[in-house]
Amino acid sequence: MQVDADFRPILGPQLVRLDPMRIKQLQDPLVYSSIDSLAKLSAHCLNLRAPLTTCEKLINSDNTLYLAWKFDEEQNVSRLLGFAKVGRKQLFLYDSQMQTYEGEILCLLDFYVHFSAQRQGVGKQLIDYLLAQEHAEPYQLALDNPSVTLLGFMSQKFGMSKPVWQNTNFVVFDELFQSFAAENGEKAPDGWNRPQTPRRIGAVSTDTRWLRNAVSGHQSKGNAMAAPVDADMTPQGALSNRAHQAKARKAHILSSKPLW
Ligand SMILES: CC(=O)SCCNC(=O)CCNC(=O)[C@H](O)C(C)(C)COP(=O)(O)OP(=O)(O)OC[C@H]1O[C@@H](n2cnc3c(N)ncnc32)[C@H](O)[C@@H]1OP(=O)(O)O
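Conventions and cut-offs
- Residues numbered from 1 in each chain as written.
- Predicted model: local features only at pLDDT ≥ 70, side-chain atom pairs only at ≥ 80, totals over all residues.
- Heavy atoms only, no water.
- UniProt positions renumbered as here; feature names shortened; annotations may be inferred.
- Salt bridge = Lys/Arg side-chain N within 4 Å of Asp/Glu carboxyl O.
- Buried < 20%, exposed > 50% of the residue type's maximum accessible area, 1.4 Å probe, protein only.
- Helix = DSSP H or I, 4+ residues; strand = E, 2+ residues; numbered from the N terminus.
- Pairing = 2+ DSSP bridges.

An unreviewed UniProt entry lists the protein chain under the name Alpha-tubulin N-acetyltransferase, from Caenorhabditis angaria. In its Catalytic activity (unreviewed entry) section, the UniProt record describing the protein chain reads: "L-lysyl-[alpha-tubulin] + acetyl-CoA = N(6)-acetyl-L-lysyl-[alpha-tubulin] + CoA + H(+)".

Below, the structure is given as structure tokens:
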């Protein structure tokens, strides 16, 4: 994406790490609008109605943008080539054996290389730079709802060929679970006090494991993710669940205050 300006004094090197503080400090409307335009192209490419990334959103988030750009001295223009946005998220994951894991993972949230610069190595440079800056290995990256192209890219450029889709639409790679088993065995990391929660998925019960960066959860909130899943799949079970729900609804309606 071409801009009639010299971004060298503002952005510096051709691969640049822009955390929220750095973006705020840029204070340059043209840089902001150029990044926003590139992010719009990313959204357009994925058929999204609104862009996932804007400078305004970035400033108010914990996410970091890695930007690839260059200055064309002949034409005296700056070209924004691509970006990758990452953030750390607390994820609840299943491996391919339906073992459950919980931990804070580096997530690739938005990744785009301008169509005029694709398949020229920019994407690989961006991810290499990002991984070095974040001190992470390719298998430690979770991909947020990845495109087929991104899965192909990860397989071809980083040898990550066993994606494990999660019901949250995140994808992690099998190597993440293997590395965890090799490093930690069954032991929960220090600071994790929650007792092991048995989970039942259909007729199968599974154990929870912890990823290295896991932080303690909020048992008291009893959110759906932390609650044991106890689904009775038989017709009798479904009927009794429905009857129970109807009873609970009726009790709730009867206990509510009338509006008038
Ligand atoms: C979490 C998310 O953000 S999901 C959304 C991911 N973004 C997109 O799908 C947007 C469209 N695609 C792109 O922007 C880019 O192609 C990216 C970001 C995926 C990769 O950037 P590039 O600069 O093209 O990557 P780079 O040149 O380093 O590597 C190219 C490899 O990516 C894959 N790739 C790139 N484009 C394509 C394509 N059109 N078809 C198939 N594979 C492709 C291939 O593995 C390719 O290797 P090859 O050229 O040797 O066959």
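**Student:** Describe the pattern of salt bridges, and please don't skip the residues or the numbers.
**Tutor:** Overall, the coordinates contain 7 salt bridges when judged by the stated rule. A salt bridge links Arg8 to Asp6, with the nearest nitrogen and oxygen atoms 2.9 Å apart. Taking relative accessible area as the criterion, Arg8 reaches 38% and is therefore assigned partly exposed. For Asp6, a relative accessible area of 32% gives the class partly exposed. Between Arg88 and Glu134 there is a salt bridge, with the nearest N and O atoms lying 3.5 Å from each other. Placement of the pair is Arg88 in strand β4 (residues 77-94) and Glu134 in helix α5 (residues 122-134), with a sequence separation of 46 residues. Under the relative-accessibility criterion, Arg88 is labelled partly exposed at 41%. Glu134 gets classed as buried once you look at its relative accessible area, which sits at 13%. Each member of the salt-bridge network shares a partner with another, and the members are Arg17, Asp19, Arg88 and Glu134.

**Student:** Lay out the pairing of β4 with the relevant residues and their values.
**Tutor:** The element β4 is extensively covered by neighbouring structure, given that 15 of its 18 residues are classed as buried. Bridging between strand β1 (residues 2-3) and β4 involves 2 bridges; their strand directions are antiparallel. The residue bridging Gln2 from the neighbouring strand is Arg79, located in β4. As defined by bridge partners, strand β3 (residues 64-72) adjoins β4 across 9 bridges and the pair is classed as antiparallel. Within β4, the position partnered with Leu67 by the bridge is Phe83. Linking β3 to β4, which pair antiparallel, is a turn of 4 residues; within it Asn76 sits at a positive phi near 55°. Two elements, β4 and strand β5 (residues 100-113), share 13 bridges in a ladder whose sense is antiparallel. In the strand pairing of β5, Gly87 is matched with Cys107. Where β4 folds back onto β5 in an antiparallel hairpin, the turn is made up of 5 residues, including Met98, whose phi is positive at roughly 65°.

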